[in-house]
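Listed below are the residues making up each chain.
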Amino acid sequence: MMRLFSPRKTTLLFVIRDKTRTPLENLEPVLREDIQKIWDSVPKPQAHKETPLSEFFNVEVVALSSYEEKEEQFKEQVASLQKRFHHSIAPGGLAGDRRGVVPASGFSFSSEHIWKVIKENKDLDLPAHKVMVATVRCEEIANEKYASFVANEDWCQLEEAVQSGPIPGFGKKLSSLLDTCFSEYDAEATYFDEGVRSSKQKQLQEKLFQLVQPAFQSALGHIRSGTLDKFKEAFDKALKGGEGFSVAANNCIGSGLVQFDEACTDVVIEQTNWDTSKVREKLLRDIDAYVATVRATKISELTSSYEEKLKQALSGPVEALLDGANRDTWPSIRNLLRRETESAVSGFSAALTGFDMDEETRQKMILSLEAYARGLVEGKAREEAGRVLMRMKDRFTMLFSHDSDSMPRVWTGKEDIRAITKTARSSSLKLLSVMAAIRLDDDDTDNIEKVLAVALVDSSPSSNATRSITMVDPLASSSWEQVSSSKTLITPVQCKSLWRQFKTETEYSVSQAISAQEANKRNNNWLPPPWAIVALVILGFNEFMTLLRNPLYLGVIFVGFLLIKALWVQLDVSGEFRNGALPGIISLSSKFIPTIMNLMRKLAEEGQNPAANNPQRTPSKNSYNDGHAVSSSASSNLTALDNGTEYASPLKDE
């Protein structure tokens with residue numbers, strides 16, 4: 001009314017029929033409160049959002065008594081109300097507010113204007129009675145069919161079953177239920193307004209589609225997961241069968257998508273046009289992700305396999321070559337590295353062709369494998385460089401303590417220890433120069449060996465003095481000329497320190513060899529000097545002639561020689577003096593008396609035994625046998641103990 005007419009006060013007269021005993025004063029506030037609530041809920045123009053009800057309406061309440069019980073009173077009250085209508089336009093009457101009243105002459109124009117406003121504002125255009133009835137009834141039918149579908153046992157079972165797994169014929173079963181619901185709606189709403197019927201049917205379809213869509217998505221999800229599982233199984237089986245990775249992936253992806261499309265036709269609902277492309281795209285993304293994961297795993301396994309092959313092919317040989325360091329060590333390592341790397345790269349490149357990767361990625365992986373091989377050799381070289389001192393000592397010991405036939409040296413006094421030491425140290429210095437830097441490139445050249453030889457081996461006093469005057473110490477540096485820091489394993493300063501430590505730890509072996517050589521010379525030099533021999537011949541000529549004239553002296557001397565020989569053997573004089581003169585004298589002095597007593601006892605026993613067993617022997621033969629027995633018993637019937645003291649053991653009785 002505010003849109004159609006200019007604002008004016010209108011009286012709202014409420015007549016309560018058949019008033020009971022409840023006073024009007026109690027009924028009127030309740031009615032006014034309800035009217036106020038209606039006014040508050042009515043949408044109003046912006047200009048009248050806060051306008052009170054009393055601005056537009058006069059609310060009045062009139063109560064009439066019961067006609068059946070109080071007829072006379074009822075008629076009087078009606079007559080009084082009638083007079084108010086007769087005088088409605090009078091001041092204070094029901095229509096007492098005459099503002100905005102249209103004269104009769106302008107009624108036609110006012111009506112046209114009102115109708116125009118109603119047509120332009122759809123919310124003011126009240127529908128026809130037929131449309132209103134169709135709207136209410138069709139909505140009721142649609143709600144009934146929706147409720148019936150929700151409570152349908154077949155639908156409930158289908159909805160519950162699809163949550164746990166795929167259902168064969170899901171689309172057909174659900175389409176049949178929806179078709180039945182729509183048919184029942186059409187049968188009951190067929191006689192109502194067609195526009196309203198179609199509109200409510202569309203609303204019913206939307207509600208039912210919203211209801212069944214989660215079940216449809218669940219069915220698609222089961223198909224997607226099942227197809228993905230089948231793809232994984234087929235793909236893994238193809239790879240185990242030796243099929244190429246890219247070929248197996250493409251074949252399995254194609255067959256998997258065909259299976260998915262075929263399975264989707266079984267869940268499609270006829271009444272809908274829902275698209276399954278998004279689920280298909282998600283399936284394809286999952287498949288691609290799995291293929292990428294397997295691809296990365298296979299490539300990693302392949303890379304690890306070839307790296308392990310390179311490790312086995314390079315670690316041991318490189319270690320052996322560095323252990324036997326010589327002039328050809330690094331050229332041999334370069335050839336070994338080049339040969340094994342080319343072999344590994346050839347096989348690795350051939351294996352990568354089955355993964356259908358771009359050339360740039362393939363080249364990066366090949367370069368990474370080559371870098372791994374080079375890093376493996378460099379790592380082994382750095383590892384061996386950390387043990388260079390031990391290697392140098394082992395090489396020195398091998399060359400110094402063994403001859404050219406790898407037999408242990410016996411220092412007899414004829415060996416040139418100085419030359420042997422120089423050769424062994426030069427070889428150790430060669431090992432140090434080889435281990436000082438990495439030389440894996442063909443253009444790697446340096447003079448490390450020469451610098452080390454000049455600074456460490458050629459170290460005579462005169463050369464040291466000259467070098468100190470003319471030049472600075474070449475090893476007083478932390479880097480080598482012509483060698484980058486990344487290729488340096490042992491710096492010049494470290495080489496100098498290692499060589500000093502090496503010489504200190506090997507000098508003991510040299511001193512031991514010299515001592516052994518001198519001791520051997522002393523042991524083997526039992527003859528007196530030549531001048532002493534000449535003096536003995538000249539001064540002892542008379543005694544020698546006396547011995548020749550008296551042969552009996554020769555027999556006495558011979559017996560004495562045998563006794564001295566027996567004492568020499570039993571006392572092991574040469575062995576005792578091997579550890580030094582003073583220890584030898586002390587040991588011999590402690591064993592001399594027991595040995596003499598033992599010899600005398602044995603001689604006595606030997607002298608008695610021949611006399612008792614052979615009484616008819618001649619004296620000359622007995623004397624010969626006694627002398628022989630003394631010498632033999634003296635030389636064969638003594639034993640030695642481990643503590644260095646020798647004791648005579650009694651002879652067994654024959």
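Criteria and thresholds
- Residues numbered from 1 in each chain as written.
- Predicted model: local features only at pLDDT ≥ 70, side-chain atom pairs only at ≥ 80, totals over all residues.
- Heavy atoms only, no water.
- UniProt positions renumbered as here; feature names shortened; annotations may be inferred.
- Helix = DSSP H or I, 4+ residues; strand = E, 2+ residues; numbered from the N terminus.
- Buried < 20%, exposed > 50% of the residue type's maximum accessible area, 1.4 Å probe, protein only.
- Areas by Shrake-Rupley, 256 points an atom, 1.4 Å probe, with all protein chains shown as cover.
- Phe/Tyr/Trp six-rings, centres within 6.5 Å; stacked < 30°, edge-to-face > 60°.
- Core = buried A, V, L, I, M, F, W, Y, C linked by side-chain atoms within 4.5 Å.
- Domains from an automatic or database assignment.
- Contact = heavy atoms within 4.5 Å.
- Expected span 1.5 Å × (residues − 1).
- Arc of directions from axis to C-beta.
- Patch = residues over 30% accessible without salt bridge, like charges linked within 9 Å, V, L, I, M, F, W, Y side chains within 5 Å.
- Salt bridge = Lys/Arg side-chain N within 4 Å of Asp/Glu carboxyl O.
- Axes fitted to C-alpha atoms, helices over the stretch in contact; angles between N-to-C directions.
- Parallel < 35°, antiparallel > 145°, perpendicular 65-115°, else oblique.
- Nonpolar A, V, L, I, M, F, W, Y, C, P; charged D, E, K, R; others polar.
- Pairing = 2+ DSSP bridges.
- Right-handed = clockwise from strand over helix to strand, strands pointing away.
- Polar contact = N/O pair within 3.5 Å; in protein donor to acceptor, adjacent residues only side chain to side chain.
- Left-handed = near helix turned anticlockwise from the far one by under 90°.

- Within an unreviewed UniProt entry, the label attached to the chain reads Protein ROOT HAIR DEFECTIVE 3-like 1 isoform C, and the organism entered is Glycine soja.
- The heading Sequence similarities (unreviewed entry) in the UniProt record of the chain holds the text "Belongs to the TRAFAC class dynamin-like GTPase superfamily. GB1/RHD3 GTPase family."

**A closer look at the overall build of the chain**
1) Next: If you tally the helices and strands in the chain, you get 22 helices and four strands.
2) Next: Here the chain, with 654 residues, has 31% of them falling under the buried criterion.
3) Next: Split by element, the accessible area of the chain, about 41400 Å² in all, is 56% carbon and sulfur.

**Some thoughts on the packing of aromatic side chains**
1) Next: Tallied over the entire structure, the rule returns 16 aromatic pairs.
2) Next: With a centroid separation of 5.1 Å and 45° between ring planes, the pair formed by Phe216 and Trp274 is classed as tilted. Pair noted here: Phe216 is in helix α7 (residues 194-240) and Trp274 is in the loop between α8 (245-264) and α9 (277-323), with a separation of 58 residues, a long-range link.
3) Next: Look at Phe216 and you get buried, because its relative accessible area is 2%.
4) Next: Relative to Phe245, the ring of Phe235 lies with its centre 5.3 Å away and its plane at 75°, an arrangement referred to as edge-to-face. With Phe235 in helix α7 and Phe245 in helix α8, this residue pair connects regions lying 10 residues apart in the sequence. Phe245 shares its class with Phe235; the two are buried.
5) Next: Taken together, the aromatic side chains of Phe231, Phe235, Phe245, Tyr290 and Phe355 make up a single cluster linked through ring pairs.

**Some thoughts on the nonpolar core**
1) Next: Phe149 and Phe235 are the most contacted members of the largest nonpolar core, which has 109 residues in total.
2) Next: Broken down by element, this core gets its largest block of residues, 16 residues, from α7.
3) Next: Both domains that furnish three or more residues to this core are identified here as domain 2 (129-274) and domain 3 (300-460 + 474-526).
4) Next: Every residue in contact with Phe235, bar those within four places of it in the chain, is listed here: Phe245, Ala248, Ala249, Cys252, Tyr290 and Val294.

**A look at helix α12 (residues 388-401)**
1) Next: Spanning 14 residues, α12 covers 20 Å between terminal C-alpha atoms, matching the ideal 20 Å at 1.5 Å per step.
2) Next: Along α12, the residues that are buried comprise Val388, Leu389, Arg391, Met392, Arg395, Phe396 and Phe400. Down the axis of α12, the buried side of the element spans an arc of 160°, and every buried residue falls inside it.

**Quick notes on a nonpolar patch on the surface**
1) Next: Taken together, Ile533, Val534, Val537, Ile538 and Leu539 make up a surface patch of nonpolar side chains, about 510 Å² in accessible area.
2) Next: Examined against the element boundaries, Ile538 turns out to sit in helix α17 (residues 530-539).

**Looking at the packing of α9 against helix α10 (residues 329-352)**
1) Next: Where α9 meets α10, the axes come as close as 10 Å, and the angle between the chain directions of the two elements is 170°. With respect to α10, the element α9 is oriented roughly antiparallel.
2) Next: Among the residues making up the contact of α9 with α10, the classes are represented as 17 nonpolar, five polar and one charged.

**Some words on the side chain of Arg224**
1) Next: Among the secondary structure elements, Arg224 is positioned in helix α7.
2) Next: Of the residues examined, Arg224 reaches a relative accessible area of 17% and is grouped as buried.
3) Next: Apart from residues no more than four positions distant in its own chain, Arg224 is found in contact with Phe260, Val279, Lys282, Leu283 and Asp286.

**Focus: the pairing of strand β2 (residues 57-63)**
1) Next: The pairing of strand β1 (residues 10-16) with β2 spans seven bridges and is classified as parallel. Bridge pairing in β2 links Val15 to Val62.
2) Next: Tracing the backbone out of β1, into helix α1 (residues 24-41) and back to the parallel element β2 gives a crossover that is right-handed.

**Some words on unusual backbone geometry**
1) Next: You will see that Asp18, though not glycine, has its phi angle at about 50°, which is positive.
2) Next: Even without being glycine, Ser406 reaches a positive phi, approximately 65°.
3) Next: In this structure, Ser406 sits in the loop between α12 and α13 (417-435).

**Here we look at the side chain of Asn598**
1) Next: Along the chain, Asn598 turns up in helix α21 (residues 581-613).
2) Next: Given the relative accessible area of 1%, Asn598 is considered buried.
3) Next: In terms of polar contacts, Asn598 uses its side chain to reach the side chain of Arg601, at 2.7 Å.

**Looking at the pattern of salt bridges**
1) Next: Applying the stated rule across the entire model yields 25 salt bridges.
2) Next: The residue Glu139 makes a salt bridge to Lys200 at a minimum N-O spacing of 3.6 Å. Of this pair, Glu139 sits in helix α4 (residues 129-150) while Lys200 sits in helix α7, and the two are 61 residues apart along the sequence.
3) Next: Notably, a salt bridge pairs Asp441 with Arg374, separated by 3.1 Å at the nearest N-O pair. You can see Asp441 sitting in the loop between α13 and α14 (448-457) and its partner Arg374 sitting in helix α11 (residues 359-385), a full 67 residues away along the chain.
4) Next: The network of salt bridges with shared partners includes Glu319, Asp323, Lys380, Glu383, Glu384, Arg387 and Arg391.

**Topic: the packing of α8 against α9**
1) Next: The geometry of α8 relative to α9 is characterised by a closest axis approach of 11 Å and an angle of 160° between their N-to-C directions. One element, α8, and the other, α9, form an angle in the roughly antiparallel class. Between α8 and α9 the crossing geometry is right-handed. Contacts from Phe245, Ala249, Ile253, Leu257, Phe260 and Asp261 of α8 reach α9 at Val279, Arg280, Leu283, Leu284, Ile287, Asp288, Val291, Val294, Arg295 and Lys298.
2) Next: Residue composition of the contact of α8 with α9, grouped by class: 11 nonpolar, no polar and five charged.

**Description of the environment of Thr423**
1) Next: Locating Thr423 in the fold gives a position in helix α13.
2) Next: Assessed through its relative accessible area of 53%, Thr423 is described here as exposed.
3) Next: Distance from Thr423 to Phe400, taken between C-alpha atoms, is 8.2 Å for residues 23 residues apart in sequence.

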